[in-house]
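Structural overview
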Amino acid sequence: LSLHDALPIFLDEQGNYSPKSFEVLKNLGNWRSNFQFELSACQIESKTDPVRSEHIADELLRVHLILQNAVSECGLLLSYDDVASEKLPEEVYKHPLEKYEEYKKHFTKQELHYAMRTAGTHIHFGMPNLQIAIECYNELVKHARMLVHIGNIKDGKRIYFLSTLANIFPTFIDSLEEYIK
């Protein structure tokens, strides 16, 4: 199990958003492999190492303490809001990750701002093979609407932002052959 978390936003000491992801990533040193750029320059993604599920809380804490130290060394604070305010800078700089350059081509300026303001956590499960992965995926699809509802903690704002960017309700995969197509 591994978690990829795009939640913390960098703030300066006055509580203003601070687009300092390059500086924070430089301060991570040997721990750099647990972090990568996010679309907003005020944020980076943290990634736990793969661990057994009973150890994920300790691993998540380890990664967040590393991030907290690097952020503090830059004179910054972390904010853990799931939806950043409209004051989040719309700065989208030349990104070292190709996927973000593609986002800039396909989304409007407002959609990019929604994407930057909305936090997310991705859960990665190791599976013994593709067929079992599809079966587990299909089981989770049954519960997608409930999971979205549970994650809706900002009066619908987060869900609205996400739904403008993509279909947030996944569909079933009927077979391995269909998936491979």
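So, here's what we can say about the structure.

1. As for the environment of A144
- Looking at where A144 falls in the secondary structure, it is placed in helix α6 (residues 144–150).
- Taking the C-alpha atoms as reference points, A144 and P170, 26 residues apart in sequence, are found 7.3 Å from one another.
- Not counting residues within four places of it along the chain, the set of residues in contact with A144 comprises F169 and P170.

2. Points about the nonpolar core
- The biggest cluster of nonpolar side chains holds 14 residues, and the ones touching the most others in it are F10, V24, L28, F35, I44, L67 and V71.
- If you list the elements that add at least two residues to this core, you get α1 (21–27), β3 (35–37) and α2 (56–73).
- Take this core: its biggest share by element is 5 residues, from α2.
- Setting aside residues up to four positions removed in sequence, F35 forms contacts with L25, L28, I44, E45, S46, K47, V63, I66 and L67.
- Of all hydrophobic cores here, the second largest spans 10 residues; its members include L11, A84, L88 and L112.

3. Here's the deal with the sheet that holds strand β4 (residues 44–47)
- The strand order across the open sheet built from 4 strands is β3-β4-β1-β6, with neighbouring strands paired in antiparallel fashion. At either end of the open sheet lies a strand with only one pairing partner, and these are β3 and β6 (120–124). Taken pair by pair, the neighbouring strands of this sheet meet at an average axis angle of 20°, ignoring direction.
- As judged from the 5 bridges shared by strand β1 (residues 2–6) and β6, these two strands associate in the antiparallel manner. Residue pairing for β6: H4 is matched across the bridge by H122.

4. Here we look at the pattern of salt bridges
- With the rule as written, the count across this model stands at 4 salt bridges.
- R62 is the partner of D49 in a salt bridge, and the nearest nitrogen-oxygen pair spans 3.2 Å. Of this pair, D49 sits in the loop between β4 and α2 while R62 is found in helix α2, placing the two residues 13 residues apart along the sequence.
- A relative accessible area of 24% places R62 in the partly exposed class.
- For E59, the salt bridge is made with R62, and the minimal N-O distance between the two is 2.7 Å. With E59 and R62 both in helix α2, this residue pair falls 3 residues apart, about one helical turn.

How each quantity is defined
Residues numbered from 1 in each chain as written. Predicted model: local features only at pLDDT ≥ 70, side-chain atom pairs only at ≥ 80, totals over all residues. Heavy atoms only, no water. Helix = DSSP H or I, 4+ residues; strand = E, 2+ residues; numbered from the N terminus. Contact = heavy atoms within 4.5 Å. Core = buried A, V, L, I, M, F, W, Y, C linked by side-chain atoms within 4.5 Å. Buried < 20%, exposed > 50% of the residue type's maximum accessible area, 1.4 Å probe, protein only. Pairing = 2+ DSSP bridges. Axes fitted to C-alpha atoms, helices over the stretch in contact; angles between N-to-C directions. Salt bridge = Lys/Arg side-chain N within 4 Å of Asp/Glu carboxyl O.

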